[in-house]
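# Observations on chain architecture
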Amino acid sequence: MMIDKQLVGCVTLLSQSKTYWFDGTLYRYLTSSDSIRYTQYYFRPLPRQSKTADLKLNRDKVLRFVYEIPSLYNQHRAMMTTTAIQLSFF
């Protein structure tokens, strides 16, 4: 089965409503660090994926290796607070 995917073109377009593909695993975007110079972008694997650890990538790696999966848009939503991350599926 071929999954329609497109390379992330700009880190400002990362969204918690979108599903992302990196190295054969589906992820959801969580948040980015507050540093302007060396911003890190955090992703969490979706349930039932082979990888279970969160992913932390810099801007260059996001733009070169992370793909958006348009067909899975708005399939989940993650909310991150200072104490917990809540995930809702639609």
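An account of the accompanying structure is given in this report. (Residues numbered from 1 in each chain as written. Predicted model: local features only at pLDDT ≥ 70, side-chain atom pairs only at ≥ 80, totals over all residues. Heavy atoms only, no water.)

### Let's talk about the sheet that holds strand β1 (residues 6-7)
Consider a sheet: its strands pair through backbone hydrogen bonds, and that pairing is either parallel or antiparallel. The strand order across the open sheet formed by 6 strands is β1-β6-β2-β3-β4-β5, and the pairing between neighbours is antiparallel. Bordering the open sheet on either side are β1 and β5 (55-58), each of which pairs with just one other strand. Strand direction decides the pairing type here: strand β2 (residues 19-22) and strand β6 (residues 67-68), joined by 2 bridges, are antiparallel. Residue W21 lies in a different strand from β6, and its bridge partner there is Y67. (Pairing = 2+ DSSP bridges. Helix = DSSP H or I, 4+ residues; strand = E, 2+ residues; numbered from the N terminus.)

### Considering the nonpolar core
Core analysis: the largest hydrophobic core is formed by 14 residues, its most contacted members being L14, F43, V62 and V66. Among the elements of the structure, β2, β3 (25-32), β4 (40-45), β5 and α1 (59-65) are those that each provide at least two residues to this core. When sequence neighbours within four positions are dropped, the list of residues in contact with V62 reads V8, V11, L14, Y41, F43 and L57. (Core = buried A, V, L, I, M, F, W, Y, C linked by side-chain atoms within 4.5 Å. Buried < 20%, exposed > 50% of the residue type's maximum accessible area, 1.4 Å probe, protein only. Contact = heavy atoms within 4.5 Å.)

### Some details on the pattern of salt bridges
Inspection of every chain in the model, using the stated rule, returns 4 salt bridges. In this structure, the salt-bridge partner of R59 is D60, at a minimum N-O distance of 3.7 Å. A residue is classified by how much of its surface remains accessible, and R59, at 44% relative accessible area, is partly exposed. (Salt bridge = Lys/Arg side-chain N within 4 Å of Asp/Glu carboxyl O.)

### As for the pairing of β2
Inspection of the sheet shows β2 paired to β3 by 4 bridges, in the antiparallel sense. Across the sheet, the residue bridging to W21 is L26, located in β3. Where β2 hands over to β3, the hairpin turn is made up of 2 residues, of which D23 adopts a positive phi near 55°.

Keep in mind these values describe shape, not function.
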